[in-house]
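Breakdown of the fold
Okay, here's what each chain looks like letter by letter:
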Amino acid sequence: QVQLVESGGGLVQPGGSLRLSCAASRSIPSSTFSMYNMGWFRQAPGKQRELVAHITNGGSINYGDSVKGRFTISRDNAKNTVYLQMNSLKPEDTAVYYCKRERIGLAPAEWGQGTQVTVSS
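An account of the accompanying structure is given in this report. All figures in this text were calculated on a predicted structure; none of them were measured in a lab.

This part takes up the environment of Lys90. Its place among the elements puts Lys90 in the loop between strand 8 (81-86) and strand 9 (95-101). On the basis of relative accessible area, Lys90 is assigned to the partly exposed category, the value being 34%. For the pair formed by Lys90 and Gly15, sequence separation is 75 residues and the distance between their alpha carbons is 6.4 Å. Other than its neighbours up to four places away in sequence, Lys90 contacts Arg70 and Val119.

The following block contains the structure:
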């Protein structure tokens, strides 16, 4: 089991920036972490959880339409960490942001506990 811990959320004004981090257990070898496909999702009150950004083990990236050009996903396999740089934040970006390790082999997908992002003046 991989433990995923998100951090970096908070309150920010519209137009501001935040960087979220998702750290996987240090007990996992970096070589293993590098095999994971990872994603960021978000869920606003009363709405379904939606994809924000996804990065494969090979570095292929895709973004949800609403964040393209504003958010950037990256990973540092040496640190077992995935990042989400969020710029030009809007009130509609307000949500709980979750990190996800995609299913790999027989191991089911895993989620972090989430971190709250609130964009408000």
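On to the sheet that holds strand 8. Strand order across the open sheet formed by four strands is 1-3-8-7, with antiparallel pairing between neighbours. At either end of the open sheet lies a strand with only one pairing partner, and these are strand 1 (4-7) and strand 7 (71-76). Here the average twist between neighbouring strands, direction ignored, is 15 degrees. In the sheet, strand 1 pairs with strand 3 (residues 18-24) via four bridges, with the strands oriented antiparallel. Within the sheet, the bridge partner assigned to Ser7 lies in strand 3 and is Ser21.

Mapping Glu102 onto the fold places it in the loop between strand 9 and strand 10 (110-111). Given the relative accessible area of 18%, Glu102 is considered buried. Polar contacts involving the side chain of Glu102 include one to the side chain of His54, which spans 3.4 Å. Setting aside chain neighbours within four positions, we find Glu102 in contact with Asn37, Phe41, His54 and Ala109.

Moving on to the nonpolar core. In terms of nonpolar packing, the biggest core is built from 28 residues, with Met38, Trp40, Leu84, Met86 and Tyr97 touching the most fellow members. Those elements that provide at least two residues to this core are strand 3, strand 4 (38-43), strand 5 (50-55), strand 7, strand 8, strand 9 and strand 11 (115-119). If you tally residues by element for this core, the top one is strand 3, at four residues. Apart from residues lying up to four places away in sequence, Met38 is in contact with Leu4, Cys22, Phe33, Ala53, His54, Ile55, Ile73, Arg75, Val82, Cys99, Lys100 and Arg101.

Across all of its chains, the model carries three aromatic pairs by this definition. For the pair Phe41 and Trp111, a centre-to-centre distance of 5.1 Å together with 65 degrees between the ring planes defines the contact as edge-to-face. With a gap of 70 residues between them, Phe41 in strand 4 and Trp111 in strand 10 connect regions that are remote in the sequence. For Trp111, a relative accessible area of 36% translates into the label partly exposed. With 6.3 Å between their ring centres and 90 degrees between their planes, Tyr98 and Trp111 make a pair best called edge-to-face. Of the two residues, Tyr98 is situated in strand 9 and Trp111 in strand 10; the sequence distance between them amounts to 13 residues. Ring pairs connect the aromatic residues Phe41, Tyr98 and Trp111, which therefore count as one cluster. Above the ring of Tyr36, the side-chain terminus of Arg101 is found at 5.2 Å from the ring centroid.

The rules behind these values
Residues numbered from 1 in each chain as written. Predicted model: local features only at pLDDT ≥ 70, side-chain atom pairs only at ≥ 80, totals over all residues. Heavy atoms only, no water. Helix = DSSP H or I, 4+ residues; strand = E, 2+ residues; numbered from the N terminus. Buried < 20%, exposed > 50% of the residue type's maximum accessible area, 1.4 Å probe, protein only. Contact = heavy atoms within 4.5 Å. Pairing = 2+ DSSP bridges. Axes fitted to C-alpha atoms, helices over the stretch in contact; angles between N-to-C directions. Polar contact = N/O pair within 3.5 Å; in protein donor to acceptor, adjacent residues only side chain to side chain. Core = buried A, V, L, I, M, F, W, Y, C linked by side-chain atoms within 4.5 Å. Phe/Tyr/Trp six-rings, centres within 6.5 Å; stacked < 30°, edge-to-face > 60°. Lys NZ or Arg CZ within 6 Å of the ring centre and 35° of its normal.

So yeah, pure geometry; function would need other evidence.
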